[in-house]
Amino acid sequence: MALREIVVEGDDVLNKKCRIVEKFDKRLSVLIDDMIDTLIESGGVGLAAPQVGILRRVVVIQVDPEEAPLELVNPEIIETSGEQKGLEGCLSIPGKWGIATRPYYVKVKAFDRDGNEYTAEGTGLLARAFCHELDHLDGVLYNTVCDRMLTPPEIEKYNEGEIDFADECYVDTGDVELDDKGDEE
Ligand code: NI
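Please read these numbers as outputs of a predicted model, since none were measured by experiment.

Visitor: How should helix H3 (residues 152-159) be read in this particular structure?
Guide: The buried fraction of H3 amounts to zero of the eight residues, a small share that puts the element mostly on the outside. At the exit of H3 stands Gly161, carrying a positive phi of roughly 75°.

If you want it as structure tokens, here you go:
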């Protein structure tokens, strides 16, 4: 296990489409372990393989530090519902924030490191992370799909805790039944 360097905006690797993982081997396992270490060290919510310079369809997500990180190989979104508009950031675009509209509920199918297929679902922040991280696998950065980026004075106020953009953000749970479909943000 080791930390990997996080690639930042401006590097072409972030704009490329990643290849499907075909071999579920030791190399993949090492990559996933390194990505989890790197994610935890960075304090972020999700990390996609191109962010460590690897053009493979691999994502790790950890919304709750108390829970084991999710590892998603060749993930695909198979269901969405509702809508949420809220703040979003990216480890590859440090120091910036945007306001992005995403589905409120997202279900994905993916493989684990051993090649077993499974599904995962989430609302709120986890749903947002699924969308954001899977976009990375197609070379899409959130600043190209968000409603707007915060201005430098807004970032300063946000970092000081003086503004939360609540008037601009919303959650529409759509037809999601919260009791069945995971945790609120
Ligand atoms: Ni990102």
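Visitor: Help me understand the pairing of strand E3 (residues 70-81), please; the structure alone is not making it clear to me.
Guide: Note on strand geometry: in a regular strand, side chains alternate between the two faces of the sheet. In the sheet, strand E2 (residues 58-61) pairs with E3 via four bridges, with the strands oriented antiparallel. Bridge pairing in E3 links Val58 to Val73. In terms of strand pairing, E3 meets strand E6 (residues 105-111) through six bridges, oriented antiparallel. Bridging across to E6, Val73 finds its partner in Phe111.

Visitor: Explain unusual backbone geometry to me, please; I cannot follow it from the model alone.
Guide: Glycine aside, the phi torsion of most residues is negative, and most peptide linkages are trans. A positive phi angle is found at Asn74, which is not glycine, with a value near 50°. You can see Asn74 is positioned in strand E3. With a phi close to 60°, Phe165 is a non-glycine residue in the positive phi region. Here Phe165 lies in the loop between H3 and strand E9 (170-172). According to the C-beta neighbour criterion, Phe165 is partly exposed, with 15 such atoms within 10 Å.

What counts and how
Counting of residues starts from 1 at the beginning of each chain's written sequence and follows it residue by residue. Only residues with pLDDT of at least 70 get local features here, since the model is predicted, and only at 80 or more are side-chain atom pairs given and counted; chain-wide, interface and lining totals rely on the full set of residues. Here exposure depends only on C-beta density: within 10 Å of a residue's C-beta, 20 or more other C-beta atoms make it buried, 12 or fewer make it exposed, and intermediate numbers make it partly exposed, the C-beta atoms being placed from the backbone. Elements are defined by DSSP. Helices are runs of H or I of four residues or more, strands are runs of E of two residues or more, and each kind is numbered from the N terminus. At least two bridges found by DSSP between two strands are what make those strands a pair.

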